Amino acid sequence: MNKKRVGIIIGIIVILLFVVGFVIYSFVINKTEEKTESITVKHETAEKLYKEQDGETCTEVNIVSHNAKVSETDDKVLLYLIFGQMKKDKILENEITKDDYIKSAEKILKNEDIPEAFEDYVYEGYAYELNGDQLTRKKVECDSKKYVSKLYGYSNNEETLTLNVKAGYIENEMLYDLNGKEIGTYQEDELNEMLDQGTLQVYTYQAQDGDYQLESVGMK
């Protein structure tokens, strides 16, 4: 084999290696970009679901003390989430039709999991009652507790999205977890860090036609 032929063969091999390397590089970059985009979308979704849990001042917040499916969960835990959605939908008035209540609730719960009747549920300074086809409210005196929380983390796959929320309350300038354990003197600029010691509540949502409906609540 002469030198010219050897040179041609080596040149072909180099070109092939370059092409293969470029294809592999492009595939890796594209997959990375797809993964990054997916994470960004999921983070926005997680933030949106968390922010819909927005009633913290003069609001009744029940502690999630064990893992349970929505059908086994205390109604007041569900009402906290429903009223957050109703607030977002701007329908919190002195009188609300049951139909409007159901429309908001169905955005986060399956119809069969929506509480059909309740009384004296306190949300942002009002006690609400659902009796028949009408939901009414009356002003109440607030206690000294102010509930605070933060999105601590989340995990997701194609079917579910799980939110980890750290929560506590402020009373007499002290911060406590939801079980009443003292965390420390409340400092507004340190609240985010202090809530790392708060009570961890877990909300798992099921993907449903592009939206997420609550499937279970629990703790870790």
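See the structure printed just above.
For the structure given in this document, a descriptive report is provided here.

Residues Glu188, Asp189, Glu190 and Glu193 make up a contiguous surface patch of negative charge. Summarising the element assignment, Glu188 is placed in the loop between β9 (182-185) and α4 (191-194). The exposure class assigned to Glu188 is exposed, which follows from its relative accessible area of 66%.

All told, the structure shown has eight aromatic pairs when counted by the stated rule. Between Phe83 and Phe118, the aromatic rings sit 6.1 Å apart at their centres with planes inclined by 70°, giving edge-to-face as the arrangement. Of this pair, Phe83 sits in helix α2 (residues 75-88) while Phe118 sits in strand β3 (residues 118-123), and the two are 35 residues apart along the sequence. The same class applies to Phe83 as to Phe118, namely buried. Through pairs of rings, three or more aromatic residues link up here, namely Phe83, Tyr101, Phe118, Tyr121, Tyr123, Tyr126 and Tyr128. The ring of Tyr126 carries Arg137 above its face, with NZ or CZ at 3.8 Å from the centroid.

When you tally the buried positions in strand β7 (residues 160-171), you get eleven out of twelve residues, the bulk of the element. Relative to β7, strand β6 (residues 146-156) runs antiparallel, the two being bridged by ten bridges. Paired with Val148 across the strands is Gly168, a residue of β7. Between β6 and β7, which pair antiparallel one after the other, the connecting turn spans three residues. In the sheet, β7 pairs with strand β10 (residues 199-208) via eight bridges, with the strands oriented antiparallel. Each residue of the ladder has a partner; that of Lys166, found in β10, is Leu200.

Another point: unusual backbone geometry. A positive phi angle, close to 55°, is found at Asn172, a residue other than glycine. Within the secondary structure, Asn172 is located in the loop between β7 and β8 (174-177). The backbone phi angle of Glu173 is positive, close to 65°, even though this residue is not glycine. By the element assignment, Glu173 lies in the loop between β7 and β8.

A separate point is the pairing of β8. With burial as the criterion, each face of β8 is covered, one bearing Met174 and Tyr176 and the other bearing Leu175 and Asp177. Sheet topology note: the β7/β8 ladder contains four bridges and is antiparallel. Its bridge partner lying in β8, Glu171 is registered against Met174. Taken together, β7 and the strand that follows it, β8, pair antiparallel across an intervening segment of two residues, in which Asn172 is found at a positive phi of about 55°. In terms of strand pairing, β8 meets β9 through three bridges, oriented antiparallel.

Reading the values: rules and limits
Residues numbered from 1 in each chain as written. Predicted model: local features only at pLDDT ≥ 70, side-chain atom pairs only at ≥ 80, totals over all residues. Heavy atoms only, no water. Patch = residues over 30% accessible without salt bridge, like charges linked within 9 Å, V, L, I, M, F, W, Y side chains within 5 Å. Areas by Shrake-Rupley, 256 points an atom, 1.4 Å probe, with all protein chains shown as cover. Salt bridge = Lys/Arg side-chain N within 4 Å of Asp/Glu carboxyl O. Lys, Arg positive; Asp, Glu negative; His and termini not counted. Charge placed at Lys NZ, Arg CZ, Asp CG, Glu CD. Helix = DSSP H or I, 4+ residues; strand = E, 2+ residues; numbered from the N terminus. Buried < 20%, exposed > 50% of the residue type's maximum accessible area, 1.4 Å probe, protein only. Phe/Tyr/Trp six-rings, centres within 6.5 Å; stacked < 30°, edge-to-face > 60°. Lys NZ or Arg CZ within 6 Å of the ring centre and 35° of its normal. Pairing = 2+ DSSP bridges.

Purely spatial values, then, with no claim about function.
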